[in-house]
Amino acid sequence: MMLRNLILLLFFNTALSAQTPAISDVRTMYHNSSEDGTTCKKLVDMLSVYTPASNALLTGYEGGAMMMLAKHVFNPFTKLSYFKKGRKILEAAIVADAQNAELRFIRFATQSDAPGILGYNDNLNEDKSFLLKALENMKDKELKNWIVGFMKNSKYLSEAEKQKLNAEGNAFTGR
């Protein structure tokens, strides 16, 4: 009887710890990862259990966080290693779910901020066009606000595109 209870307790603890994190929590950690290396490392570790087949979005966040982790290390070889590994993970996630606007946004934001010497900027125009179109029907207000906020400050958008975002942003945020 006691052994059975112990097995049940272990099973439920494992099941609870294996729950998929809430996307809003992942987004918050991702935001904070830019400035906080500890949060960034925790996010990478937390999401490393996912694959593009099991959860492309969380895998994409892992890849983005892995590339961001490069900002928080000193050794240039380690920086490059983190960046290359994260890039590979993010690209695999996008292959698994190419129509996911959030994944495309992670790539757009990463490529926008990546140093030119890394050569990771091939998809900027493609992702920008995809995102501008996707915003028209996006239901997730948190994600929509995040994308619009980032893109309004992007050097990769024309003034006309930024004005359109301002008009759309005001319409859905109630401003």
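Note that the structure is predicted; figures quoted are calculated from it, not measured. (Residues numbered from 1 in each chain as written. Predicted model: local features only at pLDDT ≥ 70, side-chain atom pairs only at ≥ 80, totals over all residues. Heavy atoms only, no water.)

1. Structural notes on the overall build of the chain
Stage number 1. Scanning the chain from terminus to terminus reveals 9 helices and 0 strands.
Stage number 2. For the chain, the succession of helices and strands along the chain, N to C, is α-α-α-α-α-α-α-α-α.
Stage number 3. Burial status across the chain gives 40% buried among its 175 residues.
Stage number 4. Accessible area for the chain stands at about 10,200 Å²; split by element, carbon and sulfur atoms hold 58% of it. (Helix = DSSP H or I, 4+ residues; strand = E, 2+ residues; numbered from the N terminus. Buried < 20%, exposed > 50% of the residue type's maximum accessible area, 1.4 Å probe, protein only. Areas by Shrake-Rupley, 256 points an atom, 1.4 Å probe, with all protein chains shown as cover.)

2. Re the environment of Leu135
Stage number 1. Residue position: Leu135 is located in helix α7 (residues 124-135).
Stage number 2. The exposure class assigned to Leu135 is buried, which follows from its relative accessible area of 0%.

3. Considerations on the layout of surface pockets
Stage number 1. Its boundaries defined by the atoms lining it, the largest pocket holds a volume of some 530 Å³.
Stage number 2. Taken together, 21 residues make up the lining of the largest pocket; nearest its centre are Met67, Met68, Lys71, Thr110 and Asp113.
Stage number 3. Of all elements in the fold, only α2 (23-33), α4 (52-69), α5 (76-96), α6 (101-113) and α8 (141-152) reach the threshold of two or more residues within the lining of the largest pocket.
Stage number 4. Sorting elements by how many residues they give to the lining of the largest pocket places α6 first, with 5 residues.
Stage number 5. Class assignment for the residues of the lining of the largest pocket results in 14 nonpolar, 4 polar and 3 charged. (1 Å grid on protein atoms, 1.4 Å probe; cavity = no way out; pocket = protein on both sides within 12 Å on 5 of 7 lines; lining within 4 Å. Points joined across faces, edges and corners; volume = space filled by probe spheres on them. Nonpolar A, V, L, I, M, F, W, Y, C, P; charged D, E, K, R; others polar.)

4. Brief notes about the packing of aromatic side chains
Stage number 1. Applying the stated criterion to the full structure yields 7 aromatic pairs.
Stage number 2. Between Tyr61 and Trp146, the aromatic rings sit 6.5 Å apart at their centres with planes inclined by 10 degrees, giving stacked as the arrangement. Residue Tyr61 is located in helix α4, and its partner Trp146 is located in helix α8; the two are separated by 85 residues in the primary sequence. One exposure class covers both Tyr61 and Trp146, and it is buried.
Stage number 3. Measuring from centroid to centroid gives 5.6 Å for Phe105 and Phe150, while their planes differ by 80 degrees, and the two rings are edge-to-face. (Phe/Tyr/Trp six-rings, centres within 6.5 Å; stacked < 30°, edge-to-face > 60°.)

5. As for the confidence of the model for the chain
Atomic detail in the predicted coordinates should be set aside for any region of low pLDDT.
Stage number 1. Per-chain confidence: the chain averages 88 in pLDDT, with 85% of residues scoring 70 or above.
Stage number 2. Contacts for the low-pLDDT stretch residues 2-17, under 50 throughout, to residues beyond four places or in other chains number 0 contacts. (pLDDT = per-residue confidence, 0-100. Contact = heavy atoms within 4.5 Å.)

6. Notes on helix α3 (residues 37-47)
Stage number 1. Every buried residue of α3 is accounted for by Thr39, Cys40, Leu43, Val44 and Leu47. The buried residues of α3 all sit within an arc of 135 degrees when viewed along its axis, so they share a single face. Away from the buried face of α3 by more than 90 degrees, exposed residues Thr38 and Lys42 are located.
Stage number 2. Buried residues in α3 make contact with α2 and α4.
Stage number 3. The N-capping residue of α3, defined by a side-chain oxygen 3.1 Å from the backbone nitrogen of Thr38, is Asp36. (Arc of directions from axis to C-beta. Polar contact = N/O pair within 3.5 Å; in protein donor to acceptor, adjacent residues only side chain to side chain.)

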